[in-house]
Structures are given as structure tokens and as C-alpha cells.
Amino acid sequence: GIQVEQSPPDLILQEGANSTLRCNFSDSVNNLQWFHQNPWGQLINLFYIPSGTKQNGRLSATTVATERYSLLYISSSQTTDSGVYFCAVQEGGANSKLTFGKGITLSVRP
Amino acid sequence: EAEVAQSPRYKITEKSQAVAFWCDPISGHATLYWYRQILGQGPELLVQFQDESVVDDSQLPKDRFSAERLKGVDSTLKIQPAELGDSAMYLCASSLNSWDIQYFGAGTRLSVL
């Protein structure tokens, strides 16, 4: 099946700093989503981005489907950005499953 | 704002006991998913429903796990008997259709003693 690799595995930032989180995938995908899992375990969808660039406040994401990677940018980080960020991809037909990476653990220090 | 509801939030049980988790998806969402997340890893799909039909249960340990979505709305995931290795977070998600944005519930954290 498709492989999803996220880097770096862990990231520590000072509040106000910017960061880039990377997701590489091994095959063509129809669907790519970024999620944030807060310390209580809740997964929140950040972006649905199979290709192109999207922005939502301090967050933006870019997927270059032809080169099989996606980037999540966090600007002016806040302590509430802490948690685990997951990239998930879907390949193949309509009922193919979403495959998650192992996640990137972000800690933003005040 | 519509949410995916899950209960219970926490469950502690002894091995060999039966446990059940419940999920109510966002109204109108045809696709429902059950995931298992082990600490330090990403969620892994256990079973996917399209309306009341199972479309993927390839990773569901069918000797002890079962899932149903009888009327194509809410769903129940059951484990019988529970084993120590079943300790994990069980997440339910729903989407309008199988290629759309997935919305997750708060999860059930299971501890098997």
C-alpha cells in the first residue's frame, strides 16, 4: 500500500516563530488532508488539499501532487498550536481508505 | 455546529470482557469510519460503511471485533473478548461521501487490564 512519511517527527518552537511541516507520499493520490490532534485526542481537519495551495488564517498548505509531497506552514505560532499534526492520503477508487502518517509532534513554548 | 458524537469517552475493562462503543455521525453523512489509534501512531482504519453496507473491513480482527450500522445512521463497534493489546483510542469519523473531508468524534479511550 501507499507509504506516508512526515518530517520532522518532533518540533519545538518558541511562541511567535514560523514552521514548515512536510508530508511525502509514495504514489499518486486523489485526496490529501491535514489534521491537528489536540492534547485531548480530538482530531480536527485543517485542510482538504489534493493539489494547489490554501490558506486559513495563520495556517497554509501546499500540495505538489506531481512530486508527491505536501507542506503545512504555521506562522506566528501560538501555544494552542501544540499537538500532533497528521497528513493523510487516499489513493485509488472512491472507497479506498485514508492512510495516515505517523504524525509530527509540535510543542510551542510561551 | 454539527459534530460526530461518540460514547463513552473512557472505558476501563478487564481482559475477556465484552465492550461496545457507539457513534452518531453528522446528519446526512453517508460514509462512516471506525479507526483505532495506538499511542504514538496515526489512526488506522478498522471498518468503513457506506450507508448501512460495509465497504472495507480488511483490517478488522473479525474473530473478536464486530461493527454494524443497521439503519445507515449510528453505528456500534464491539469487542468480545477484549485483550490487553486492544488498549487504544477508538475514533469514529463521518463524511458526506467517501472522498470528502472526514470529521472526527472525540474518541473512546479504552484500557484493558
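It should be emphasised that the depicted structure is a prediction, and the values quoted were computed from it without experimental measurement. (Residues numbered from 1 in each chain as written. Chains lettered and ligands numbered in written order. Predicted model: local features only at pLDDT ≥ 70, side-chain atom pairs only at ≥ 80, totals over all residues. Heavy atoms only, no water.)

K.L.:
Just checking my understanding: could you explain the environment of Ser87 of chain B for this structure?
P.N.:
Residues and elements named next belong to chain B. Relative to the helices and strands, Ser87 resides in the loop between β8 (75-79) and β9 (88-95). In this structure the C-alpha to C-alpha distance between Ser87 and Lys11, which are 76 residues apart in sequence, comes to 9.7 Å. Ser87 has contacts with Leu110, Ser111 and Val112, leaving out every residue within four places of it along the chain. At 3.2 Å, the side chain of Ser87 and the backbone oxygen of Leu84 are in polar contact. (Helix = DSSP H or I, 4+ residues; strand = E, 2+ residues; numbered from the N terminus. Contact = heavy atoms within 4.5 Å. Polar contact = N/O pair within 3.5 Å; in protein donor to acceptor, adjacent residues only side chain to side chain.)

K.L.:
Mind showing me how you'd approach the pattern of salt bridges here?
P.N.:
Where charged atoms of side chains with opposite charge meet at close range, the side chains can pair. Residue and element names in this part refer to chain B. Across all of its chains, the model carries five salt bridges over all chains by this definition. Taking the shortest distance from any N to any O, the salt bridge between Asp57 and Lys62 comes out at 3.7 Å. Here the residues in one salt-bridge network are Arg36, Arg64, Glu83 and Asp86, joined through shared partners. (Salt bridge = Lys/Arg side-chain N within 4 Å of Asp/Glu carboxyl O.)

K.L.:
Would you take a moment to explain the interface of chain A and chain B for this structure?
P.N.:
With 20 residues of chain A in contact, the opposing surface of chain B contributes 24 residues. Each partner contributes to the roughly 1,600 Å² buried at the junction of chain A and chain B, and carbon and sulfur atoms together form 51% of this total. For the pair chain A and chain B, the interface holds zero salt bridges. The tally of links from chain A across to chain B stands at seven residue pairs in polar contact (both at pLDDT 80 or more). Those elements that provide at least two residues to the side of chain A that touches chain B are β4 (31-37), β5 (43-48), β9 (83-90) and β10 (98-100) of chain A. Considering every element that reaches the side of chain A that touches chain B, the biggest residue donor is β4 of chain A, with four residues. (Buried area = accessible area lost by both parts, 1.4 Å probe.)

K.L.:
Explain the pairing of β9 of chain A here, please?
P.N.:
Each regular strand shows side chains that alternate between the opposite faces of the sheet. Residues and elements named next belong to chain A. Counting buried residues along β9, eight of its eight residues qualify, which places the element largely inside the surrounding structure. In the sheet, β4 pairs with β9 via seven bridges, with the strands oriented antiparallel. Within β9, the position partnered with Asn31 by the bridge is Gln90. Bridge count for β9 against strand β11 (residues 104-109) is three bridges, and the pairing is antiparallel. Across the sheet, Gly83 pairs through a bridge with Leu106, a residue of β11. Pairing of β9 with β10 involves three bridges; the strand directions are antiparallel. Each bridged residue has a counterpart across the sheet, and for Val89 the counterpart in β10 is Thr99. (Buried < 20%, exposed > 50% of the residue type's maximum accessible area, 1.4 Å probe, protein only. Pairing = 2+ DSSP bridges.)

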